[in-house]
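Breakdown of the fold
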Amino acid sequence: MRPQTSAASISCLSAAISTIDSDLLVVPWFESEPAPAVPGLDSATAGDLARALAAKELSGKPFEMYFTTATATGFQTRRLLLLGAGARSTFGTLMARRIATAAGLAARTRRIG
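Attention in this report is confined to the structure presented alongside it. (Residues numbered from 1 in each chain as written. Predicted model: local features only at pLDDT ≥ 70, side-chain atom pairs only at ≥ 80, totals over all residues. Heavy atoms only, no water.)

Let us now look at the packing of aromatic side chains. Overall, the coordinates contain one aromatic pair when judged by the stated rule. Ring geometry for Phe30 against Phe91: centres 5.1 Å apart, planes inclined by 85°, an arrangement best described as edge-to-face. Here the residue Phe30 occupies a position in the loop between strand 1 (25-29) and helix 1 (41-44), and Phe91 occupies one in the loop between strand 3 (79-84) and helix 3 (93-109), the gap between them amounting to 61 residues. (Phe/Tyr/Trp six-rings, centres within 6.5 Å; stacked < 30°, edge-to-face > 60°. Helix = DSSP H or I, 4+ residues; strand = E, 2+ residues; numbered from the N terminus.)

Take the nonpolar core next. The biggest cluster of nonpolar side chains holds 18 residues, and the ones touching the most others in it are Val27, Trp29, Leu41, Leu49, Leu58 and Leu82. Mapped onto this core, the elements with two or more residues apiece are strand 1, helix 1, helix 2 (48-54) and strand 3. In contact with Leu82, other than residues within four places in its own chain, are Val27, Trp29, Leu41, Leu49, Leu58, Glu64, Met65, Tyr66 and Thr68. (Core = buried A, V, L, I, M, F, W, Y, C linked by side-chain atoms within 4.5 Å. Buried < 20%, exposed > 50% of the residue type's maximum accessible area, 1.4 Å probe, protein only. Contact = heavy atoms within 4.5 Å.)

Structurally, the position occupied by Thr77 is in the loop between strand 2 (65-69) and strand 3. Here Thr77 falls in the buried class, since its relative accessible area comes to 0%. Here the side chain of Thr77 touches Ile20 through a polar contact of 2.7 Å, landing on its backbone oxygen. Among the polar contacts listed, one links the side chain of Thr77 to the backbone nitrogen of Ser22, at a separation of 3.1 Å. (Polar contact = N/O pair within 3.5 Å; in protein donor to acceptor, adjacent residues only side chain to side chain.)

Okay, the pairing of strand 2 next. Burial along strand 2 is one-sided: Tyr66 and Thr68 are buried, and none of Met65, Phe67 and Thr69, which face the opposite way, are. One ladder, built from five bridges, connects strand 2 with strand 3; its direction is antiparallel. Within strand 3, the residue paired with Thr69 across the bridge is Arg79. (Pairing = 2+ DSSP bridges.)

Moving on: unusual backbone geometry. Its identity as a non-glycine residue notwithstanding, Lys56 has a phi of 65°, on the positive side. We classify Lys56 as exposed; its relative accessible area is 65%. For Arg111, which is not glycine, the phi torsion reads 55° and is therefore positive. Mapped onto the secondary structure, Arg111 falls in the segment after helix 3.

Structure follows, in structure tokens:
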């Protein structure tokens, strides 16, 4: 008898970041991007994003991962993964697929639905 496996649902959305309701919100982060690059994200993390950028915990290098929590009222998703996507000028389909795979593996490792 073959073991049964289940796959998590993955969706790509284009909406206000605060309105997305999911177990984990993955945000591609490009090299040299400032904290306000994604409107509302730094305030949702109570400044944790700006602090991580200043401390060089997050730089946007390919596949670099930074997990944080959204604490702002009205923000639907609590767990956030900022995933390095390299230089914005060289970003394309191949890198998008690779970081999506990295995000899926990171979520599985942390047992996030």
